[in-house]
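Each chain, letter by letter, is given below.
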Amino acid sequence: MNLFLFFLFLSLLSCGIKSKPKPLPEPKFQIKRIGEFVYVIGNNLEVPGFKKVDGFWFTQKEEAFCFDVKRIKGKSKRVCVPKAVKQYPQISVKELKGAVKLISKEEGIFRIYKIKNTFPVPFPIKEFNKETFIPKTYSKYRIAVTKTLKENVESAPIFIDIPPKPKPIPDPPYDVGYFILDGKVVIYWFHKKFEDLQGFNIYKNGKKINKKPLKVNTFVDTYPQQTTIYEIRAVNKFGLESKGVSIKIKPHATK
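Residues numbered from 1 in each chain as written. Predicted model: local features only at pLDDT ≥ 70, side-chain atom pairs only at ≥ 80, totals over all residues. Heavy atoms only, no water.

Caption draft 1: Focus on the pairing of strand β16 (residues 158–162). Only one face of β16 is covered, namely the face carrying Ile-158, Ile-160 and Ile-162; the face carrying Phe-159 and Asp-161 is uncovered. Sheet topology places strand β14 (residues 141–150) next to β16; 5 bridges connect them, and they run antiparallel. In the sheet register, Ala-144 faces β16, and the bridge partner there is Phe-159. (Buried < 20%, exposed > 50% of the residue type's maximum accessible area, 1.4 Å probe, protein only. Helix = DSSP H or I, 4+ residues; strand = E, 2+ residues; numbered from the N terminus. Pairing = 2+ DSSP bridges.)

Rendered as structure tokens:
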């Protein structure tokens, strides 16, 4: 038998040998109990009896129980969680101008969570042991605070509402003026933060004459037949008006 036929014979033999099947992958996940909330955190999972949210599964039970965690196209694993601990963190709350100060009344490590609907999102945004500051925003929001008890087990959460900080009043326009063009009066003005505004409201003798803020810095009107006062107010993204800047125009005035 020549060398070519020998290697051909070996290759034909190898075609009949089947490789061992690869074992199914194990599920990879983290379990966390926050009071009565139980979370399974991981990807490519199925957890029967739990609700799926972005990046995690959760359910709400006080009693100890066991459940299955299945890897999609993989193996399942049986896990158990202890009974919820009916204990709450001892925290005092002090409101400041631009933040809320949290002060612990006991020793321990405390965690702060965002709220989604009515339950804590199981990824802490901050951890502290004595005190911490939570910044205010222009909208009211709620946080949950827990105390760590042991690995993957935390106390029942307390929910704290963070009040909004005052929305800013915009600066008023400046250098208001006017000129006459083709029998009409053209009023103009300037503003330091023009691009940050919704626009401007125009008042004529105390009465607002535009429905929506005007995103311009000029206004054209029929030349008045009697003394008329125009007032321009800036409007910011919150819909709040600045103080007004006025200009008085008399009939037959020239400029």
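Back to the text.
Caption draft 2: Representation of unusual backbone geometry in the model. In this structure, Asn-152 takes a positive phi of about 65° despite not being glycine. Here Asn-152 shows up in the loop between β14 and β15 (153–154). Positioned with a positive phi, Asn-205 is a non-glycine residue whose angle comes to about 55°. The partly exposed category is assigned to Asn-205, whose relative accessible area is 45%.

Caption draft 3: Structural detail: the pattern of salt bridges. Evaluation of the coordinates by the stated rule reveals 13 salt bridges. Notably, a salt bridge pairs Lys-75 with Glu-26, separated by 3.6 Å at the nearest N-O pair. Here the residue Lys-75 occupies a position in the loop between β6 (65–71) and β7 (76–81), and Glu-26 occupies one in the loop between α1 (3–15) and β1 (30–34), the gap between them amounting to 49 residues. Here Glu-26 falls in the partly exposed class, since its relative accessible area comes to 44%. Here Arg-142 ties to Asp-161 by a salt bridge, and the two come within 2.8 Å at their closest N and O atoms. With a gap of 19 residues between them, Arg-142 in strand β14 and Asp-161 in strand β16 connect regions that are remote in the sequence. Owing to a relative accessible area of 34%, Asp-161 belongs among the partly exposed residues under this scheme. (Salt bridge = Lys/Arg side-chain N within 4 Å of Asp/Glu carboxyl O.)

By themselves these figures say nothing about function.
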